[in-house]
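Survey of secondary and tertiary structure
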Amino acid sequence: MSRAARAVVDLAALRHNLQQVRHAAPRRRIIAVIKADAYGHGLVPVAQALDDADVLGVACIEEALRLREAGIDTPILLLEGFFHADELPLIRRHQLQIVVHGEHQLAMLESLPAQGTAIPAWLKVDTGMHRLGFSPEALAAAWRRLDACPAVAPVLGLMTHLANADDVGDGTTRQQLARLAAVRPDPAVAVSIANSAGILAWPDSHGDAVRPGIMLYGASPMLGETGRQRGLRPVMSLHSELISIRHCKKGDGVGYGGSWVCPEDMPVGVAAMGYGDGYPRHAPSGTPLLVNGRRAALIGRVSMDMICIDLRAQPAAAVGDPVTLWGDGLPAEEIAACASTLAYALFCGVTSRVERAYIDG
Ligand SMILES: *Cc1c(COP(=O)(O)O)cnc(C)c1O
């Protein structure tokens, strides 16, 4: 091993978090969302560890094909359906499920002949997010058309997505639930509403199938809390090590722009980790990290390959000592808050040069 930057992915923690989904939403079908390379954790290893999920949810056919090529035969749902008609033969061949959210998709499905495997499809309704889905007014007609498509069977039910479920004080979720109830033709029609925030905070949104993403990876989507408070375990720990220690003088500027000025003579550590690895460039001085398992603070600007660390509290720290940027012992949610971003974006942002190392327990 040369450069030490690596993301350790704990598959036992992942399975534990899937269990937490089952506890929070008992008896519901689970569509485990593993789009975007399983939120940066690695698509295939995560899918293999989640073999207990009912369905795997991905964003596009390329992700689904990677799963099938790896021999994964769990049902797979394309959360945004298909983008172009040339995907439809592949969808049939690999027995993928789709979400139909727009008129253009309906038109393509209507011109598809019945021969071959029928395509199971959810119909998406826009209950207030105003991103994808048929408006409540257009829904009944869309349902009739989808149901009549010879190539589609069965129509799995109605799907919608919550816009503000991370905020328990916001009224939008109740409105969205009411709008969905109003268009659901009868209780025998299945509904899928809840993302992680719905699962954790809105029991009325659990419906028939839940769609956990971020909580599987151990982070809470709820404002101002961490996954740990919900009994979740962090799955990804981002690690590196000290590659240099310098003894700076009072008044020395550290890093690009000299944005951090040493208030006294002090040791400054350098870790092999930067925005080229996906560490957030906007993390300010003071953002916590762990050196030898103990809290220390980032100082100065984040560079592409390196960050600088205030080592005043650890005068014995040495080159080669371990540095943890987030994960075990340091919630990604806390780093995200410092850098004005989300744990979602931190995880997805870890770049391909960071080796993923898988552990189990
Ligand atoms: C990404 C996604 C989810 C998962 O959301 P989390 O907030 O990560 O739980 C659920 N449903 C759909 C349609 C998605 O695109």
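Rules behind the numbers
Residues numbered from 1 in each chain as written. Predicted model: local features only at pLDDT ≥ 70, side-chain atom pairs only at ≥ 80, totals over all residues. Heavy atoms only, no water. Helix = DSSP H or I, 4+ residues; strand = E, 2+ residues; numbered from the N terminus. Buried < 20%, exposed > 50% of the residue type's maximum accessible area, 1.4 Å probe, protein only. Contact = heavy atoms within 4.5 Å. Areas by Shrake-Rupley, 256 points an atom, 1.4 Å probe, with all protein chains shown as cover. Domains from an automatic or database assignment. Buried area = accessible area lost by both parts, 1.4 Å probe. Salt bridge = Lys/Arg side-chain N within 4 Å of Asp/Glu carboxyl O. Polar contact = N/O pair within 3.5 Å; in protein donor to acceptor, adjacent residues only side chain to side chain. Nonpolar A, V, L, I, M, F, W, Y, C, P; charged D, E, K, R; others polar. Phe/Tyr/Trp six-rings, centres within 6.5 Å; stacked < 30°, edge-to-face > 60°. Near = heavy atom within 4 Å.

**Describing the overall build of the protein chain**
- When its secondary structure is counted, the protein chain shows eleven helices and 18 strands.
- Projecting the C-alpha coordinates of the protein chain onto the three principal axes gives extents of approximately 75 × 45 × 35 Å.
- Looking at the 361 residues of the protein chain, the share that counts as buried comes to 53%.
- Within the protein chain, contacts between residues at least 6 apart in sequence are counted, and of these 64% link residues at least 24 apart.
- For the protein chain, the exposed area adds up to about 15400 Å²; of that, 52% sits on carbon and sulfur atoms.

**Overview of the environment of H130**
- Topologically, H130 is positioned in the loop between strand 6 (119–124) and helix 7 (136–148).
- Distance in space between the C-alpha atoms of H130 and A163 is 8.8 Å, their sequence separation being 33 residues.

**Points about the domain arrangement of the protein chain**
- Splitting the protein chain by domain gives domain 1 (11–228) and domain 2 (236–359).
- Relative placement of domain 1 and domain 2: their C-alpha centres are 36 Å apart.
- In this assembly, 17 residues from domain 1 lie in contact with ten residues from domain 2.
- For the pair domain 1 and domain 2, the summed buried area comes to about 1100 Å², and 65% of that belongs to carbon and sulfur atoms.
- Where domain 1 meets domain 2, there are zero salt bridges.
- Scanning the region where domain 1 abuts domain 2 turns up five residue pairs in polar contact (both at pLDDT 80 or more).
- With three residues, the top contributor of residues to the side of domain 1 that touches domain 2 is helix 2 (residues 35–40).
- In the side of domain 1 that touches domain 2, the residues fall into nine nonpolar, seven polar and one charged.

**Quick word on the packing of aromatic side chains**
- All told, the structure shown has three aromatic pairs when counted by the stated rule.
- With a centroid separation of 4.7 Å and an interplanar angle of 25°, the aromatic rings of Y39 and Y217 are classed as stacked. Within this pair, whereas Y39 is found in helix 2, its partner Y217 is found in the loop between strand 9 (209–210) and strand 10 (236–248), the two being separated by 178 residues in sequence.
- Accessibility expressed as a relative area gives 7% for Y39, which makes it buried.
- Of the residues examined, Y217 reaches a relative accessible area of 0% and is grouped as buried.
- An aromatic cluster is built from Y39, Y217 and Y344, whose rings are joined through pairwise contacts.

**Overview of the site of the ligand**
- The full set of residues close to the ligand is V33, K35, Y39, H161, N195, S196, R211, P212, G213, I214 and Y344.
- Taking S196, its side chain carries an N or O atom lying 2.5 Å from an oxygen atom of the ligand.
- A distance of 2.6 Å separates an oxygen atom of the ligand from a polar side-chain atom of Y344.
- For the ligand, the protein covers 92% of the area, taking 390 Å² as the surface of the free molecule.

**Let's talk about the pattern of salt bridges**
- Taken as a whole and judged by the stated rule, the model has 15 salt bridges.
- In this structure, D52 and R22 form a salt bridge, with 3.8 Å as the shortest nitrogen-oxygen distance. Of this pair, D52 sits in the loop between helix 3 (43–49) and strand 3 (55–58) while R22 sits in helix 1 (residues 11–24); the two residues are 30 residues apart in sequence, bridging distant segments of the chain.
- The closest approach of N and O atoms between R312 and E264, which form a salt bridge, is 2.7 Å. One end of the pair, R312, is in the loop between strand 16 (307–310) and strand 17 (322–326); the other, E264, is in the loop between strand 12 (260–261) and strand 13 (266–271), and 48 residues separate them in sequence.
- For E264, a relative accessible area of 38% gives the class partly exposed.
- Three or more residues joined by partner-sharing salt bridges are found here, namely R3, D277, D305 and R353.

**As for unusual backbone geometry**
- The step from A153 to P154 runs through a cis peptide bond, and the omega angle for that step is -15°.
- Among the secondary structure elements, P154 is positioned in strand 7 (residues 152–159).
- Backbone geometry at R27 places phi at a positive 65°, although glycine is not the residue there.
- Mapped onto the elements of the fold, R27 is located in the loop between helix 1 and strand 2 (29–33).
- With a relative accessible area of 78%, R27 lands in the exposed category.
- Positioned with a positive phi, D37 is a non-glycine residue whose angle comes to about 55°.
- If you trace the backbone, D37 turns up in helix 2.

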